[in-house]
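Take a look at the letters that make up each chain.
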Amino acid sequence: MKILTVLLLIICTAVCLLKCTDRRTASGDPRGSRYAGAASCVQCHKNISDDYVHTSHFNTSAKVDAERFRKLIAALSDTVHFPNDQLVVLETAHSKLVQSYLLNGRQERSEPLDVAFGSGEKAWTFAYWKDDQLFELPLTYLSAIKRWTNSPGFQKDRPNYTRPIVRRCFECHSSYAYSENSLAQGQYAVEQIKANTVLYGLDCERCHGPAAEHVTFHQDNPQEKKARNMVSIKALSRQQQLDLCATCHSGDPVSLRSIFAFTPGDSLTNYYMYYPGSGKDPDAHGMQMQSLMLSNCYQQSSMTCMSCHDPHINERNKKEVFVQRCMSCHQQSTHAITMQQGNNYCISCHMPLQASKSLDFNNSTEQSDLKYYLRTHRIAVYPETGK
């Protein structure tokens, strides 16, 4: 009887685990059963989806497409030199793109380009998998100068293949990544990230929240046109809308819990803690929220990020679109009207490009303190522009 009881308990436990597993993976989404998966959204929102796939948010990380980057490499200098006859060459090996380290003409190391971080609008940084660990590669591509260079923050005197990519990086460059226990490795703590759980880029549910109930309801009730079981972003308070964007656009604070758990309507204070004074001189890289909050435009209005940005559309280089959004609040400004008539671009003067204080590129042989320029989100009068 005891043996029979034990067997029954084992069987019941196994059945429960299988059911839980089935619920978790029913949509094929590693985030769990509350998530429908991006493909489900396309069924009803195809036009939005077709536009969104061209945005920087959607393309902020990806598995490397060898053909795509092979063309990029072929069109550019594919070698970066370091001191003492060291260099890194971009080449093809076993149908993969690799970054190979050569010392005195002899290959010392070669690793594949497995993952690309960044949309390529400004840069691409690459990483390679080694078991369940991801490591940054030594070369980054800078779009503005159309060349490869030492990855940001790496040592100047030799190529580095040992910097780990941790889940925190994925929290702003993906929709999800599952990680397990950290391992001590030299000066770094290395997280084990399950490659098959990574959802590259930012998908619909990363910003709109879990949608399984929403999808199920509307599949069962196709005649219902009012969105059910889904938070309306426009219905959120100003602070809630700002917090949603600030999950990735407010610097590198102390994380209290994984931002992957954030859903629309949450308070960012439950996830992040900021160092005192961190918003006084915000970096142009990653601290758009703090910069915006220093602006008179922000302080004297109810504007949010979406007052100027449509996150569903690729708006890069669409000067007229942003000028019109500035003019929507500055129709009574003689200066603004005059500048618009002169075909001037408001943000060129009032949101100029600034060098990041946290990112630069230096390999001491070809480049020294190569700056990384991004547009500040502090809307202001800048003496250097005269505006």
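**Observations concerning the nonpolar core**
In globular proteins that are soluble, nonpolar side chains generally tend to be buried together.
Next, step 1: Phe 69, Trp 124, Phe 126, Leu 139 and Trp 148 are the most contacted members of the largest nonpolar core, which has 21 residues in total.
Next, step 2: Mapped onto this core, the elements with two or more residues apiece are helix 4 (66-74), strand 2 (79-82), strand 3 (86-93), strand 4 (96-103), strand 7 (123-130) and strand 8 (133-142).
Next, step 3: At 4 residues, strand 8 tops the list of elements feeding residues into this core.
Next, step 4: For Leu 139, the residues in contact, after removing those within four places along its chain, are Val 80, Phe 82, Val 88, Leu 90, Gln 99, Phe 126, Trp 148, Thr 149, Asn 150 and Ser 151.
Next, step 5: Ranked by size, the runner-up nonpolar core spans 18 residues in total, among them Ala 246, Ile 259, Tyr 272 and Ile 379.

**Re the packing of aromatic side chains**
Next, step 1: Overall, the coordinates contain 12 aromatic pairs when judged by the stated rule.
Next, step 2: These aromatic residues form a ring-pair network of at least three members: Phe 69, Trp 124, Phe 126, Tyr 141 and Trp 148.
Next, step 3: Of note, Arg 238 hangs over the ring of Tyr 298, and the distance from its end group to the ring centre comes to 4.0 Å.
Next, step 4: The residue whose ring lies beneath Arg 325 is Phe 322, and the NZ or CZ to ring-centre distance is 5.6 Å.

**Regarding the packing of helix 11 (residues 319-327) against helix 12 (residues 334-341)**
Next, step 1: The N-to-C vectors of helix 11 and helix 12 enclose an angle of 160°; their axes lie 11 Å apart at closest approach. Judged by the inter-axis angle, helix 11 sits roughly antiparallel to helix 12. Crossing handedness for the pair helix 11 and helix 12: left-handed. Facing Val 323, Gln 324 and Met 327 of helix 11, the residues of helix 12 in contact are Ala 336, Ile 337 and Gln 340.
Next, step 2: A per-class count over the contact of helix 11 with helix 12 returns 4 nonpolar, 2 polar and no charged.

**What to know about the side chain of Thr 149**
Next, step 1: Tracing the chain through its elements places Thr 149 in strand 9 (residues 147-150).
Next, step 2: Other than its neighbours up to four places away in sequence, Thr 149 contacts Val 80, Pro 138, Leu 139, Thr 140, Leu 142, Phe 361, Gln 367 and Leu 370.

**A short note on unusual backbone geometry**
Across the chain, the bulk of peptide bonds are trans and the bulk of non-glycine residues have phi less than zero.
Next, step 1: We note that Asp 131 has phi near 60°; this positive angle belongs to a residue other than glycine.
Next, step 2: Tracing the chain through its elements places Asp 131 in the loop between strand 7 and strand 8.
Next, step 3: Positive phi outside glycine occurs at Ser 364, with the angle close to 65°.
Next, step 4: Residue placement: Ser 364 occurs in the loop between strand 17 (353-361) and strand 18 (370-375).

**Regarding the pattern of salt bridges**
Next, step 1: Taken as a whole and judged by the stated rule, the model has 17 salt bridges.
Next, step 2: A salt bridge links Lys 194 to Glu 180; the nearest nitrogen and oxygen atoms lie 3.7 Å apart. Of this pair, Lys 194 sits in the loop between strand 13 (188-193) and strand 14 (199-200) while Glu 180 sits in strand 12 (residues 179-185), placing them 14 residues apart in sequence.
Next, step 3: Between Asp 281 and Lys 357 there is a salt bridge, with the nearest N and O atoms lying 3.8 Å from each other. With Asp 281 in the loop between strand 16 (272-273) and helix 9 (288-293) and Lys 357 in strand 17, the pair connects residues that are 76 residues apart, well separated along the chain.
Next, step 4: Judged by its relative accessible area of 51%, Lys 357 is exposed.

**Re the confidence of the model for the protein chain**
Next, step 1: The predicted model of the protein chain averages 88 in pLDDT, with 88% of residues at 70 or higher.
Next, step 2: In the model, residues 13-25 has pLDDT below 50 throughout and makes 7 contacts with residues more than four positions away in sequence or in other chains.

**Topic: the sheet that holds strand 3**
Next, step 1: Strand order in the open sheet formed by 4 strands is 2-3-4-5, and the pairing between neighbours is antiparallel. The open sheet terminates on both sides in strands that have one partner only, identified here as strand 2 and strand 5 (106-112). For this sheet, the mean inter-axis angle between neighbouring strands, taken without regard to orientation, is 25°.
Next, step 2: With 8 bridges connecting them, strand 3 and strand 4 associate as antiparallel partners. Each residue of the ladder has a partner; that of Val 89, found in strand 4, is Ser 100.

**Concerning the environment of Asp 281**
Next, step 1: In this structure Asp 281 comes out as exposed when scored by relative accessible area, which is 55%.
Next, step 2: Each C-alpha atom of the pair Asp 281 and Ser 291 lies 8.0 Å from the other, and the pair is 10 residues apart in sequence.

Each value, and the rule that gives it
Residues numbered from 1 in each chain as written. Predicted model: local features only at pLDDT ≥ 70, side-chain atom pairs only at ≥ 80, totals over all residues. Heavy atoms only, no water. Core = buried A, V, L, I, M, F, W, Y, C linked by side-chain atoms within 4.5 Å. Buried < 20%, exposed > 50% of the residue type's maximum accessible area, 1.4 Å probe, protein only. Helix = DSSP H or I, 4+ residues; strand = E, 2+ residues; numbered from the N terminus. Contact = heavy atoms within 4.5 Å. Phe/Tyr/Trp six-rings, centres within 6.5 Å; stacked < 30°, edge-to-face > 60°. Lys NZ or Arg CZ within 6 Å of the ring centre and 35° of its normal. Axes fitted to C-alpha atoms, helices over the stretch in contact; angles between N-to-C directions. Parallel < 35°, antiparallel > 145°, perpendicular 65-115°, else oblique. Left-handed = near helix turned anticlockwise from the far one by under 90°. Nonpolar A, V, L, I, M, F, W, Y, C, P; charged D, E, K, R; others polar. Salt bridge = Lys/Arg side-chain N within 4 Å of Asp/Glu carboxyl O. pLDDT = per-residue confidence, 0-100. Pairing = 2+ DSSP bridges.

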